[in-house]
Amino acid sequence: TDRVVHAAARRDALLASGTDSARLVFSEADGVPGVTADRYGDTIVVQLTTAGADAWREVVADALFSLPGVRCVYERSDADVREREGLEPRVGLLRGTEPDPDLVAHEGSWRYVVDVAGGHKTGFYLDQRDARAAIARLAPGRRVLNVFSYTGAFSVVAAGVGAASVLSIDSSAPALDVARRNGEVNELDVGELMEADAFTALRGLRDRARQYDLIALDPPKLANNERQLEKASRAYKDLNLLAVKLLAPGGMLLTWSCSGAMSAELFQKVVAGAALDANRTVRIVGRLGQPSDHPVPLAFPEAEYLKGLILEAE
Ligand code: SAH
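*Asks:* Quick rundown of the environment of Leu15? Include the residues and the values.
*Replies:* Structurally, the position occupied by Leu15 is in helix H2 (residues 12-15). For the pair Leu15 and Glu107, spaced 92 residues apart in the sequence, the C-alpha separation amounts to 9.8 Å. Setting aside its immediate chain neighbours within four residues, Leu15 contacts Asp20, Ser21, Ala22, Leu24 and Arg39.

Laid out in C-alpha coordinates, this is it:
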(Lines give C-alpha, C1' and ligand atoms only; values in the text may rest on other atoms or scores of the structure.)
Protein backbone atom coordinates (compact mmCIF):
# COMPACT_ATOMS: atom_id res chain seq x y z
CA THR A 1 0.00 0.00 0.00
CA ASP A 2 2.78 2.43 0.94
CA ARG A 3 4.67 1.82 -2.27
CA VAL A 4 1.60 2.37 -4.45
CA VAL A 5 0.47 5.46 -2.52
CA HIS A 6 3.96 6.99 -2.55
CA ALA A 7 4.40 6.28 -6.26
CA ALA A 8 1.11 8.05 -6.94
CA ALA A 9 2.17 11.01 -4.76
CA ARG A 10 5.33 11.42 -6.84
CA ARG A 11 3.01 12.26 -9.79
CA ASP A 12 1.09 14.97 -7.91
CA ALA A 13 3.11 17.82 -9.42
CA LEU A 14 2.67 16.45 -12.94
CA LEU A 15 -1.07 16.01 -12.37
CA ALA A 16 -1.29 19.64 -11.22
CA SER A 17 0.40 20.92 -14.38
CA GLY A 18 -2.36 20.89 -16.98
CA THR A 19 -3.06 17.20 -17.41
CA ASP A 20 -5.37 14.82 -15.57
CA SER A 21 -3.61 11.71 -16.86
CA ALA A 22 -0.34 10.08 -15.86
CA ARG A 23 1.28 6.76 -15.12
CA LEU A 24 0.95 6.48 -11.33
CA VAL A 25 2.88 3.25 -10.87
CA PHE A 26 5.66 2.05 -13.18
CA SER A 27 6.60 -1.42 -12.04
CA GLU A 28 10.23 -1.89 -10.91
CA ALA A 29 10.83 1.83 -11.31
CA ASP A 30 8.45 2.43 -8.39
CA GLY A 31 9.49 -0.57 -6.31
CA VAL A 32 6.48 -2.71 -7.30
CA PRO A 33 7.65 -5.10 -10.04
CA GLY A 34 4.86 -6.25 -12.31
CA VAL A 35 2.42 -3.51 -11.30
CA THR A 36 1.57 -0.75 -13.75
CA ALA A 37 -1.22 1.77 -13.12
CA ASP A 38 -2.32 4.62 -15.38
CA ARG A 39 -4.68 7.37 -14.28
CA TYR A 40 -7.08 9.05 -16.73
CA GLY A 41 -9.09 11.60 -14.78
CA ASP A 42 -11.16 9.69 -12.24
CA THR A 43 -10.31 6.28 -13.73
CA ILE A 44 -7.30 4.09 -13.00
CA VAL A 45 -6.31 1.20 -15.25
CA VAL A 46 -4.05 -1.36 -13.60
CA GLN A 47 -2.01 -4.11 -15.20
CA LEU A 48 -0.47 -7.01 -13.26
CA THR A 49 2.14 -8.81 -15.33
CA THR A 50 3.88 -11.19 -12.92
CA ALA A 51 2.79 -13.94 -10.54
CA GLY A 52 4.27 -11.92 -7.68
CA ALA A 53 2.18 -8.89 -8.57
CA ASP A 54 -0.90 -11.01 -9.23
CA ALA A 55 -0.85 -12.21 -5.61
CA TRP A 56 -1.20 -8.58 -4.44
CA ARG A 57 -4.26 -7.73 -6.60
CA GLU A 58 -6.64 -6.82 -3.76
CA VAL A 59 -4.07 -4.74 -1.86
CA VAL A 60 -3.07 -2.87 -5.02
CA ALA A 61 -6.72 -2.30 -5.96
CA ASP A 62 -7.58 -0.95 -2.49
CA ALA A 63 -4.53 1.34 -2.48
CA LEU A 64 -5.41 2.79 -5.89
CA PHE A 65 -9.11 3.17 -5.01
CA SER A 66 -8.14 5.07 -1.84
CA LEU A 67 -6.51 7.86 -3.88
CA PRO A 68 -8.44 11.17 -3.94
CA GLY A 69 -10.99 11.56 -6.74
CA VAL A 70 -10.88 7.97 -8.00
CA ARG A 71 -14.21 6.58 -9.22
CA CYS A 72 -13.07 3.41 -10.96
CA VAL A 73 -10.19 0.94 -10.83
CA TYR A 74 -10.20 -1.30 -13.91
CA GLU A 75 -7.90 -4.25 -14.59
CA ARG A 76 -6.24 -4.82 -17.97
CA SER A 77 -4.03 -7.79 -17.17
CA ASP A 78 -4.09 -9.17 -20.70
CA ALA A 79 -0.45 -8.69 -21.72
CA ASP A 80 1.13 -11.74 -23.38
CA VAL A 81 3.93 -11.91 -20.78
CA ARG A 82 1.47 -13.30 -18.21
CA GLU A 83 1.50 -16.58 -20.10
CA ARG A 84 5.14 -17.12 -19.20
CA GLU A 85 4.16 -16.76 -15.54
CA GLY A 86 1.39 -19.33 -15.94
CA LEU A 87 -1.30 -16.66 -15.49
CA GLU A 88 -4.62 -16.34 -17.32
CA PRO A 89 -5.59 -12.96 -18.76
CA ARG A 90 -7.82 -10.92 -16.42
CA VAL A 91 -9.84 -7.94 -17.58
CA GLY A 92 -12.62 -6.16 -15.73
CA LEU A 93 -13.74 -3.85 -12.98
CA LEU A 94 -11.86 -4.14 -9.67
CA ARG A 95 -13.34 -1.25 -7.65
CA GLY A 96 -16.01 1.43 -8.09
CA THR A 97 -18.21 1.87 -11.15
CA GLU A 98 -17.68 0.73 -14.76
CA PRO A 99 -15.41 3.04 -16.80
CA ASP A 100 -17.10 5.78 -18.82
CA PRO A 101 -17.29 4.67 -22.49
CA ASP A 102 -16.63 8.31 -23.42
CA LEU A 103 -13.64 8.66 -21.11
CA VAL A 104 -11.14 11.28 -22.29
CA ALA A 105 -7.67 12.17 -21.08
CA HIS A 106 -7.09 15.92 -20.88
CA GLU A 107 -3.64 17.27 -21.73
CA GLY A 108 -3.38 21.03 -22.04
CA SER A 109 -6.21 22.00 -24.38
CA TRP A 110 -6.27 18.56 -26.04
CA ARG A 111 -8.64 15.71 -25.33
CA TYR A 112 -7.88 12.10 -26.12
CA VAL A 113 -10.49 9.34 -26.09
CA VAL A 114 -9.24 6.45 -23.94
CA ASP A 115 -10.59 3.01 -24.74
CA VAL A 116 -9.98 1.48 -21.32
CA ALA A 117 -11.52 -1.92 -22.08
CA GLY A 118 -10.36 -2.45 -25.67
CA GLY A 119 -7.39 -0.17 -26.37
CA HIS A 120 -3.68 -1.04 -26.46
CA LYS A 121 -1.88 -1.30 -23.12
CA THR A 122 -4.14 0.66 -20.76
CA GLY A 123 -5.83 2.56 -23.61
CA PHE A 124 -3.50 5.44 -24.38
CA TYR A 125 0.23 6.07 -24.86
CA LEU A 126 0.94 8.30 -21.88
CA ASP A 127 4.67 7.73 -22.49
CA GLN A 128 4.58 9.94 -25.62
CA ARG A 129 3.57 13.10 -23.71
CA ASP A 130 6.87 14.88 -24.48
CA ALA A 131 6.52 13.96 -28.15
CA ARG A 132 3.05 15.51 -28.30
CA ALA A 133 4.59 18.74 -26.94
CA ALA A 134 7.40 18.57 -29.51
CA ILE A 135 4.90 18.08 -32.34
CA ALA A 136 2.93 21.11 -31.17
CA ARG A 137 6.12 23.16 -31.69
CA LEU A 138 7.16 21.56 -34.99
CA ALA A 139 3.94 20.95 -36.94
CA PRO A 140 2.58 24.43 -37.82
CA GLY A 141 2.50 24.86 -41.59
CA ARG A 142 4.06 21.45 -42.24
CA ARG A 143 2.82 18.48 -44.26
CA VAL A 144 2.66 15.83 -41.55
CA LEU A 145 2.82 12.04 -41.91
CA ASN A 146 1.99 10.05 -38.77
CA VAL A 147 3.03 6.42 -39.26
CA PHE A 148 1.83 3.88 -36.67
CA SER A 149 -0.62 6.55 -35.56
CA TYR A 150 -2.70 4.38 -33.17
CA THR A 151 -5.60 6.69 -32.11
CA GLY A 152 -4.04 9.70 -33.79
CA ALA A 153 -2.81 11.63 -30.76
CA PHE A 154 0.07 13.13 -32.77
CA SER A 155 -2.37 13.89 -35.61
CA VAL A 156 -4.74 15.76 -33.28
CA VAL A 157 -1.91 17.98 -32.09
CA ALA A 158 -0.51 18.52 -35.60
CA ALA A 159 -3.94 19.40 -37.02
CA GLY A 160 -4.72 21.57 -34.00
CA VAL A 161 -1.60 23.74 -34.31
CA GLY A 162 -2.17 24.28 -38.04
CA ALA A 163 -0.30 21.64 -40.00
CA ALA A 164 -0.71 22.09 -43.77
CA SER A 165 -1.97 18.50 -44.02
CA VAL A 166 -2.03 15.37 -41.86
CA LEU A 167 -1.99 11.74 -42.98
CA SER A 168 -2.24 8.98 -40.35
CA ILE A 169 -1.39 5.36 -41.12
CA ASP A 170 -2.20 2.38 -38.87
CA SER A 171 -3.16 -1.23 -39.48
CA SER A 172 -5.81 -1.20 -36.74
CA ALA A 173 -9.31 -0.16 -37.84
CA PRO A 174 -10.56 0.24 -34.23
CA ALA A 175 -7.60 2.56 -33.48
CA LEU A 176 -8.45 4.69 -36.52
CA ASP A 177 -12.10 4.81 -35.42
CA VAL A 178 -10.92 6.34 -32.15
CA ALA A 179 -8.72 8.74 -34.15
CA ARG A 180 -11.88 9.90 -35.92
CA ARG A 181 -13.60 10.39 -32.54
CA ASN A 182 -10.53 12.30 -31.36
CA GLY A 183 -11.06 14.71 -34.23
CA GLU A 184 -14.66 15.16 -33.09
CA VAL A 185 -13.96 15.73 -29.39
CA ASN A 186 -11.27 18.27 -30.28
CA GLU A 187 -13.55 19.85 -32.89
CA LEU A 188 -10.95 19.67 -35.64
CA ASP A 189 -10.29 17.92 -38.92
CA VAL A 190 -7.81 15.22 -37.97
CA GLY A 191 -6.87 14.69 -41.63
CA GLU A 192 -6.70 11.56 -43.76
CA LEU A 193 -6.80 8.19 -41.98
CA MET A 194 -5.31 5.26 -43.87
CA GLU A 195 -5.83 1.68 -42.68
CA ALA A 196 -2.76 -0.12 -44.03
CA ASP A 197 0.39 -2.01 -43.25
CA ALA A 198 2.98 0.70 -42.73
CA PHE A 199 5.76 -1.06 -44.62
CA THR A 200 3.55 -1.38 -47.71
CA ALA A 201 1.99 2.08 -47.37
CA LEU A 202 5.39 3.79 -47.09
CA ARG A 203 6.56 2.04 -50.25
CA GLY A 204 3.41 3.24 -52.00
CA LEU A 205 4.02 6.86 -50.92
CA ARG A 206 7.64 6.58 -52.06
CA ASP A 207 6.58 5.22 -55.46
CA ARG A 208 4.22 8.19 -55.84
CA ALA A 209 7.13 10.53 -54.90
CA ARG A 210 5.18 12.06 -52.00
CA GLN A 211 7.05 14.49 -49.73
CA TYR A 212 6.48 15.42 -46.10
CA ASP A 213 7.94 18.11 -43.84
CA LEU A 214 7.35 16.25 -40.57
CA ILE A 215 7.16 12.48 -40.17
CA ALA A 216 6.48 10.62 -36.94
CA LEU A 217 7.53 6.97 -36.96
CA ASP A 218 6.49 5.17 -33.78
CA PRO A 219 6.34 1.43 -34.48
CA PRO A 220 5.28 -1.15 -31.91
CA LYS A 221 7.94 -3.09 -30.04
CA LEU A 222 9.76 -4.93 -32.83
CA ALA A 223 12.22 -6.84 -30.59
CA ASN A 224 10.90 -8.63 -27.52
CA ASN A 225 14.34 -9.91 -26.56
CA GLU A 226 17.96 -9.97 -27.69
CA ARG A 227 17.43 -12.97 -29.97
CA GLN A 228 15.03 -10.88 -32.06
CA LEU A 229 17.42 -7.92 -32.35
CA GLU A 230 18.87 -8.75 -35.73
CA LYS A 231 15.51 -9.18 -37.42
CA ALA A 232 14.14 -6.10 -35.64
CA SER A 233 17.14 -4.03 -36.72
CA ARG A 234 16.36 -4.87 -40.33
CA ALA A 235 12.75 -3.77 -39.87
CA TYR A 236 13.77 -0.49 -38.15
CA LYS A 237 16.26 0.13 -40.94
CA ASP A 238 13.64 -0.51 -43.62
CA LEU A 239 11.09 1.82 -41.99
CA ASN A 240 13.58 4.61 -41.38
CA LEU A 241 15.03 4.33 -44.89
CA LEU A 242 11.55 4.74 -46.39
CA ALA A 243 10.75 7.63 -44.03
CA VAL A 244 13.99 9.51 -44.76
CA LYS A 245 13.29 9.18 -48.48
CA LEU A 246 9.89 10.81 -47.99
CA LEU A 247 11.36 13.88 -46.26
CA ALA A 248 11.23 17.14 -48.18
CA PRO A 249 14.41 19.24 -48.01
CA GLY A 250 14.65 20.56 -44.44
CA GLY A 251 12.07 18.00 -43.34
CA MET A 252 12.06 16.47 -39.88
CA LEU A 253 11.71 12.88 -38.77
CA LEU A 254 10.73 11.89 -35.25
CA THR A 255 11.66 8.24 -34.95
CA TRP A 256 11.41 5.83 -32.03
CA SER A 257 12.24 2.41 -30.80
CA CYS A 258 10.27 1.22 -27.78
CA SER A 259 12.10 -2.12 -27.68
CA GLY A 260 13.88 -2.39 -24.34
CA ALA A 261 16.20 -4.99 -25.88
CA MET A 262 17.54 -2.42 -28.37
CA SER A 263 20.05 0.04 -26.92
CA ALA A 264 19.95 3.74 -27.79
CA GLU A 265 23.36 3.28 -29.38
CA LEU A 266 22.23 0.44 -31.65
CA PHE A 267 19.05 2.30 -32.61
CA GLN A 268 21.04 5.37 -33.61
CA LYS A 269 23.39 3.21 -35.70
CA VAL A 270 20.46 1.59 -37.49
CA VAL A 271 18.93 4.99 -38.27
CA ALA A 272 22.34 6.28 -39.42
CA GLY A 273 22.56 3.33 -41.82
CA ALA A 274 19.12 4.22 -43.18
CA ALA A 275 20.10 7.86 -43.81
CA LEU A 276 23.30 6.73 -45.50
CA ASP A 277 21.42 4.35 -47.79
CA ALA A 278 18.90 7.09 -48.60
CA ASN A 279 21.85 9.26 -49.58
CA ARG A 280 20.68 12.11 -47.33
CA THR A 281 22.56 14.27 -44.84
CA VAL A 282 20.58 14.03 -41.62
CA ARG A 283 21.34 15.62 -38.25
CA ILE A 284 20.12 14.82 -34.74
CA VAL A 285 18.61 18.07 -33.42
CA GLY A 286 17.03 16.60 -30.30
CA ARG A 287 16.05 13.46 -28.48
CA LEU A 288 12.78 12.25 -27.03
CA GLY A 289 12.37 9.66 -24.33
CA GLN A 290 10.27 8.67 -21.38
CA PRO A 291 8.54 11.49 -19.50
CA SER A 292 8.87 11.96 -15.74
CA ASP A 293 6.06 9.52 -14.86
CA HIS A 294 8.04 6.71 -16.54
CA PRO A 295 11.23 7.17 -14.48
CA VAL A 296 14.42 5.16 -14.78
CA PRO A 297 16.03 4.31 -11.42
CA LEU A 298 19.82 4.60 -11.58
CA ALA A 299 19.88 1.16 -9.96
CA PHE A 300 17.50 -0.26 -12.60
CA PRO A 301 18.55 1.10 -16.00
CA GLU A 302 16.45 -1.65 -17.66
CA ALA A 303 13.40 0.54 -17.04
CA GLU A 304 14.47 2.64 -20.02
CA TYR A 305 12.77 1.41 -23.17
CA LEU A 306 11.67 4.44 -25.20
CA LYS A 307 14.34 6.03 -27.38
CA GLY A 308 13.47 8.78 -29.84
CA LEU A 309 15.49 10.94 -32.20
CA ILE A 310 14.46 14.30 -33.64
CA LEU A 311 16.15 14.42 -37.03
CA GLU A 312 16.46 17.12 -39.64
CA ALA A 313 17.31 16.33 -43.26
CA GLU A 314 19.33 18.74 -45.35
N1 SAH B 1 2.32 6.96 -31.72
C2 SAH B 1 1.13 6.34 -31.15
C3 SAH B 1 1.41 4.96 -30.61
C4 SAH B 1 1.82 3.93 -31.64
S5 SAH B 1 1.68 2.29 -31.06
C6 SAH B 1 0.60 7.24 -30.03
O7 SAH B 1 1.33 8.13 -29.60
O8 SAH B 1 -0.54 7.05 -29.61
C9 SAH B 1 2.00 1.33 -32.48
C10 SAH B 1 0.85 1.25 -33.48
O11 SAH B 1 1.33 0.51 -34.58
C12 SAH B 1 -0.40 0.54 -33.03
O13 SAH B 1 -1.51 1.40 -33.17
C14 SAH B 1 -0.58 -0.65 -33.99
O15 SAH B 1 -1.93 -0.86 -34.39
C16 SAH B 1 0.24 -0.19 -35.16
N17 SAH B 1 0.82 -1.23 -36.01
C18 SAH B 1 1.42 -2.39 -35.66
N19 SAH B 1 1.91 -3.01 -36.75
C20 SAH B 1 1.60 -2.24 -37.82
C21 SAH B 1 1.86 -2.35 -39.23
N22 SAH B 1 2.54 -3.37 -39.74
N23 SAH B 1 1.42 -1.36 -40.03
C24 SAH B 1 0.74 -0.30 -39.52
N25 SAH B 1 0.48 -0.15 -38.20
C26 SAH B 1 0.90 -1.11 -37.36
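Next comes the rest of the account.
*Asks:* Hey, could you go over the site of the ligand for me, with residue numbers and the actual values?
*Replies:* Every one of the 15 residues lining the ligand counts as a neighbour, but Asp170, Ser171, Asp197, Ala198 and Asp218 are closest to it. The backbone of Ser171 places a nitrogen or oxygen atom 3.1 Å from a nitrogen atom of the ligand. Between the ligand and Asp197, the relevant distance is 2.7 Å, taken from a nitrogen atom to a side-chain nitrogen or oxygen of the residue. Bound to the protein, the ligand loses 89% of the 590 Å² it would expose on its own. Of the residues that constitute the shell around the ligand, the class distribution is seven nonpolar, five polar and three charged.

*Asks:* Provide a residue-level description of the sheet that holds strand E10 (residues 192-195), including the pertinent values.
*Replies:* Pairing in this open sheet of seven strands is mixed, and the strands run E10-E9-E8-E11-E12-E14-E13 from one edge to the other. Since the sheet does not close on itself, it has two edges, and those belong to E10 and strand E13 (282-288), each with one partner. Neighbour to neighbour, the strand axes of the sheet diverge by 15° on average, direction disregarded. Across six bridges, E13 lies against strand E14 (residues 307-313) in antiparallel orientation.

*Asks:* Explain the packing of helix H6 (residues 129-138) against helix H7 (residues 153-160) to me, and be specific about the residues and the numbers.
*Replies:* Taken N-terminus to C-terminus, the directions of H6 and H7 make an angle of 25°; their axes are 8 Å apart at the nearest point. By the angle between their axes, H6 is roughly parallel relative to H7. H7 is crossed by H6, and the crossing has right-handed handedness. Between H6, through Ala131, Arg132, Ile135 and Ala136, and H7, the contact on the second element is made entirely by Ala153, Phe154, Val157 and Ala158.

*Asks:* Help me get a handle on the pattern of salt bridges, residues and values and all.
*Replies:* This model, assessed by the stated rule, comprises 23 salt bridges. When the shortest N-O distance is used, the salt bridge between Lys121 and Asp127 registers 3.5 Å. On the accessibility criterion, Lys121 (31% relative accessible area) is partly exposed. Residue classification places Asp127 among the buried positions, given a relative accessible area of 4%. It is possible to trace a salt-bridge network through shared partners that takes in Asp54, Arg57, Glu75 and Arg82.

Calculation notes
- Residues numbered from 1 in each chain as written.
- Predicted model: local features only at pLDDT ≥ 70, side-chain atom pairs only at ≥ 80, totals over all residues.
- Heavy atoms only, no water.
- Helix = DSSP H or I, 4+ residues; strand = E, 2+ residues; numbered from the N terminus.
- Contact = heavy atoms within 4.5 Å.
- Near = heavy atom within 4 Å.
- Polar contact = N/O pair within 3.5 Å; in protein donor to acceptor, adjacent residues only side chain to side chain.
- Areas by Shrake-Rupley, 256 points an atom, 1.4 Å probe, with all protein chains shown as cover.
- Nonpolar A, V, L, I, M, F, W, Y, C, P; charged D, E, K, R; others polar.
- Pairing = 2+ DSSP bridges.
- Axes fitted to C-alpha atoms, helices over the stretch in contact; angles between N-to-C directions.
- Parallel < 35°, antiparallel > 145°, perpendicular 65-115°, else oblique.
- Left-handed = near helix turned anticlockwise from the far one by under 90°.
- Salt bridge = Lys/Arg side-chain N within 4 Å of Asp/Glu carboxyl O.
- Buried < 20%, exposed > 50% of the residue type's maximum accessible area, 1.4 Å probe, protein only.

No statement about biological role is implied by the geometric values presented.
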